[in-house]
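# Geometric and topological summary
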Amino acid sequence: MIKKHLVSPFEKFIKTDSSSGLLLLLATVVALIWANSPWEEAYHQLWDYKLSVGIGNLEISKTLFLWINDGLMSIFFFLIGLEIKREVLIGELNSFKKASLPLFAAFGGIVVPVGLFLLLNQDTETTKGWGIPMATDIAFSLAVLKALGKRVPLVLMIFLTALAIADDLGAVLSIAIFYSSDINWMLIACSIAPFALLVLLNMKNGYHKYLFLVVGVFIWILFLKSGIHPTVAGILIAFTIPLRQKTALRSNTHKLKVIVSQLDTTTYVDEPILTKDQIYALDDLKDWTAKVISPLQNLEHSLHGWVAFLIIPLFALANAGIAFDMKGDIDLSLAVNIVLALVLGKSVGITVFSLIATRLGISTLPNGVTVWGIVGAGFLAGIGFTMSIFITNLAFVGEADFIASAKIGVLIASVLAALAGYLILKKSTSE
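Our subject in this report is the structure included herewith. Not measured: the values here are computed from a predicted model.

Here the focus is the packing of aromatic side chains. A complete count under the given rule lists 11 aromatic pairs for this structure. Considering the side-chain rings of Phe-76 and Phe-77, the 5.3 Å spacing of their centres and the 80 degrees angle between planes classify their relative orientation as edge-to-face. Taking the relative accessible area as the measure of exposure, Phe-76 reaches 11% and is therefore buried. Assessed through its relative accessible area of 0%, Phe-77 is described here as buried. Relative to Phe-178, the ring of Trp-130 lies with its centre 5.2 Å away and its plane at 80 degrees, an arrangement referred to as edge-to-face. Of the two residues, Trp-130 sits in the loop between helix H4 (96–120) and helix H5 (138–147) while Phe-178 sits in helix H6 (residues 154–178), which places them 48 residues apart along the sequence. An aromatic cluster of at least three residues, connected via ring pairs, comprises Phe-76, Phe-77, Phe-315 and Phe-390.

The structure is reproduced here in structure tokens:
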């Protein structure tokens, strides 16, 4: 049995991500139609529009496309960082016993697709695309699982979520180490002091959201100018957000009862304007909430909707617009290699490494999850959409033909992986 207090957050997480998967699909379809319509030029002009932000001589000027990929996606990675920290400290990855199966699966889901891609790739110019089949799109994969309804056990959704988070961590490390170039180490050195300040505040549970915001933006700018992709800053800053609240909830419920009693409307005339006592009581409630809620949990809760329903669909709208008029040279080999690495590499890697872990006694399959459930989840992990497209842009900077070819491969692979995973899980859960 899964404890109720653990199930509830996951159910909310899964509900939000699976719902956003439908919006993500819609944004992808719109982008594809738009990029292949008579208004194709307007599509590209929109994302090439330059937007400048700055004060005085300090100015950052980027295209709308880069503001989304370097700016908004840093918020996406910040949220991933929060989820990773929560899972490692108190969630499904907080002990080796709990984390072993999804971690082994994630490792297999990284090394096998990368190895398969490198094995199949015969062009030295496209070798740098090895990181494209690494990660899993949580929103799309959970949306497919959700489409199967209650026949899919919740523990399988938890397994896939933990696996995808571990996958994304591997992708982030790859971006930091392999997909950052011309690094200005002086600027990185300058980011150590503000980052150390956030770490110190984290250790002291001294969370102040506006201070963290200002310092976080400063670190993001330093990473942006340094040559290391700024989304890495989002992950690092997330790790400095305190998990523990300032004050224990259980020992302060008496204060809440006092505030609620002050809000009792039975002693006042029912008017649209609150009394001074009620306003003061609401202020006390805000202060009380700020003291007892986990800063990490609060940020995760506040950002999840924005990321799921705005940032990721906007990313898809800006990045999925592939023109199929074949004006350039489509590298069919690159596209096919990505399809095979995502669909077959992910499923084989996840399934084989999961079985090895269980056979060695290191891990056990969750109750209610069969081997075919792992196989189906392995195929769903081949839906690499968001992260795969993101790494594509980093791997082939300025190489439009390779980018288009890789994106075609990612789209085809995501569709095939979704269909295969859906059909396998539907058959296995109906027996």
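So, on to the nonpolar core. Of all hydrophobic cores here, the largest spans 109 residues; its most connected members are Phe-76, Phe-77 and Leu-145. Beyond its immediate stretch of four places on either side in the chain, Phe-76 contacts Val-307, Ile-311, Ile-312 and Met-387.

Before going further, it helps to examine the environment of Ala-135. With respect to the helices and strands, the residue Ala-135 is situated in the loop between H4 and H5. Here the alpha-carbon distance between Ala-135 and Met-387, two residues 252 residues apart in the chain, equals 6.0 Å.

With that settled, the discussion passes to the packing of H6 against helix H15 (residues 385–395). Packing of H6 against H15 brings their axes to within 12 Å, and their N-to-C directions diverge by 10 degrees. Between H6 and H15, the crossing angle belongs to the class labelled roughly parallel. Residues Asp-168, Ala-171 and Ile-175 of H6 lie in contact with H15, whose contacting residues are Met-387, Phe-390, Ile-391 and Leu-394. Its residues placed into classes, the contact of H6 with H15 shows six nonpolar, no polar and one charged.

Its place among the elements puts Ile-33 in helix H1 (residues 4–35). Taking the C-alpha atoms as reference, Ile-33 lies 7.7 Å from Gly-321; in sequence the two are 288 residues apart.

Within the element layout of this structure, Ile-75 appears in helix H3 (residues 64–90). In this structure Ile-75 comes out as partly exposed when scored by relative accessible area, which is 32%. C-alpha of Ile-75 to C-alpha of Ile-235: the two residues are 160 residues apart in sequence and 8.8 Å apart in space. Once residues lying within four places of it in the same chain are set aside, the contact partners of Ile-75 are Leu-303, Val-307 and Ile-311.

To continue, consider the side chain of Ser-428. Among the structural elements, Ser-428 can be located in helix H16 (residues 400–430). Given the relative accessible area of 18%, Ser-428 is considered buried. Within the structure, Ser-428 has its side chain in polar contact with the backbone oxygen of Leu-425 (distance 3.1 Å).

Rules behind the numbers
- Residues numbered from 1 in each chain as written.
- Predicted model: local features only at pLDDT ≥ 70, side-chain atom pairs only at ≥ 80, totals over all residues.
- Heavy atoms only, no water.
- Phe/Tyr/Trp six-rings, centres within 6.5 Å; stacked < 30°, edge-to-face > 60°.
- Buried < 20%, exposed > 50% of the residue type's maximum accessible area, 1.4 Å probe, protein only.
- Helix = DSSP H or I, 4+ residues; strand = E, 2+ residues; numbered from the N terminus.
- Core = buried A, V, L, I, M, F, W, Y, C linked by side-chain atoms within 4.5 Å.
- Contact = heavy atoms within 4.5 Å.
- Axes fitted to C-alpha atoms, helices over the stretch in contact; angles between N-to-C directions.
- Parallel < 35°, antiparallel > 145°, perpendicular 65-115°, else oblique.
- Nonpolar A, V, L, I, M, F, W, Y, C, P; charged D, E, K, R; others polar.
- Polar contact = N/O pair within 3.5 Å; in protein donor to acceptor, adjacent residues only side chain to side chain.

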